[in-house]
Amino acid sequence: MGNAERVFVEEAFKTNWIAPLGPNVTGFENDIKSYLGEDVHIGALSSGTGAIHLGLEILGVSPGDEVLCQSFTFSASANPIVYLGAKPIFIDSESNTWNLSPILLEKAIKDRIENYKKPKAIIAVHLYGMPYDTDAVHEVAQKYDIPILEDSAEALGSSYKGKKCGTFGAIGILSFNGNKIITTSGGGAITSPNKKYIEKAIHLATQARDAAPHYQHSNIGYNYRMSNVLAGIGRGQMQVLQDRVNTRRANHEFYLKNLDGFEGIDFLKEPKDYFSNRWLTCILTPSYEARETIRLALQNENIESRPLWKPMHLQPVFKSNPNYMDGTSEDLFLRGLCLPSGSNLSEIDLERVVGIIKNNLP
Ligand SMILES: *Cc1c(COP(=O)(O)O)cnc(C)c1O
């Protein structure tokens, strides 16, 4: 936390705005809008997962539909497809962004259209803060006229060709969960260039109440709106976002300077035109065994590190879902490790991590 969060939260208490809605919610939405750009509309919600759920519903996903989804991601990207009675179809990543492969995406779209049915939406993810190949992925989506839900949960503060992540999709989502680059303890947002989509999202998020003096409903709604207290934390956090991005990038710089090329350790480089918030710094080791040796050596010193996200097509719960793979994400999962990346790491902490890694390579 910075210092401003307390001021906004105390304001909520002082004015007795503890009810779900209130001035901090509007204020937080305006703060996000000024950060992302005036042509994007925002709805603050209780989670990023809820934002994906509403986003897919607004894009028309309904029971029996198919939705294409990046396999290399956190399960929250894919679960809402199932909430809606639709079927996730998983697609592999490409090695220069670790995100959705535009080539496999097109292959999947062609195959689904020819042999099954046209997919209703595409979920593309800026994993670990690295933007996906936005030009290429959106070109494929446009060619087949399929809308993109842009999962920017890990990428607030990242950009592609100078345009902020969270502003590319027909609908975008952000997360303010406790582990993300800024947090409201739990929370999320839905974004769109289409104002009607956001109005509809807020309507659905507040139990789909019609305009009437009594409680009247023409749709099934949800309780997904962000509370005024948490939005107060969010307003304070927006003031330190740039700081957090700078710190995370500095962590990454430190690891890169000290480890890149050392005994076969490799990093995901930032391609030209890409700007990553470097939410988490990840390394690729030469083998699964080398990865585990490092992870356990860190654990022995009471330092937490973690394998990269386990791809969805390898998850027991999705084992029978169709997928279009070339082995990239499975290889990343086996050889990759997320290093300590918090915004409060000291140089001494970072040196300790680097020292342990260097002492534990074959
Ligand atoms: C965190 C996360 C989500 C879900 O956000 P919550 O706010 O935790 O519901 C979705 N997608 C990705 C890639 C995430 O990392």
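Residues numbered from 1 in each chain as written. Predicted model: local features only at pLDDT ≥ 70, side-chain atom pairs only at ≥ 80, totals over all residues. Heavy atoms only, no water.

### Quick notes on the site of the ligand
So, point 1. Residues in contact with the ligand amount to 15 residues; listed here are only the nearest, T49, D151, E154, S175 and K180.
So, point 2. Take G48: an N or O atom from its main chain is 2.8 Å from an oxygen atom of the ligand.
So, point 3. One of the side-chain nitrogen or oxygen atoms of K180 is found 3.3 Å away from an oxygen atom of the ligand.
So, point 4. Comparing atom positions with the cavity grids shows the ligand to sit within the second largest pocket.
So, point 5. Classifying every residue of the shell around the ligand gives 4 nonpolar, 8 polar and 3 charged. (Near = heavy atom within 4 Å. Polar contact = N/O pair within 3.5 Å; in protein donor to acceptor, adjacent residues only side chain to side chain. 1 Å grid on protein atoms, 1.4 Å probe; cavity = no way out; pocket = protein on both sides within 12 Å on 5 of 7 lines; lining within 4 Å. Sits in = over half its atoms within 2 Å of the grid points. Nonpolar A, V, L, I, M, F, W, Y, C, P; charged D, E, K, R; others polar.)

### Section: the domain arrangement of the chain
So, point 1. Domain annotation for the chain reports domain 1 (5-238) and domain 2 (241-359).
So, point 2. Between the C-alpha centres of domain 1 and domain 2 there is a distance of 25 Å.
So, point 3. Counting residues at the interface gives 46 residues for domain 1, matched by 37 residues for domain 2.
So, point 4. Together, the buried faces of domain 1 and domain 2 total about 3800 Å²; carbon and sulfur atoms form 65% of this surface.
So, point 5. Seen at the junction of domain 1 and domain 2, the total is 0 salt bridges.
So, point 6. Summed over the shared surface of domain 1 and domain 2, the result is 24 residue pairs in polar contact (both at pLDDT 80 or more).
So, point 7. The element best represented in the side of domain 1 that touches domain 2 is strand β3 (residues 87-91), accounting for 5 residues. (Domains from an automatic or database assignment. Contact = heavy atoms within 4.5 Å. Buried area = accessible area lost by both parts, 1.4 Å probe. Salt bridge = Lys/Arg side-chain N within 4 Å of Asp/Glu carboxyl O. Helix = DSSP H or I, 4+ residues; strand = E, 2+ residues; numbered from the N terminus.)

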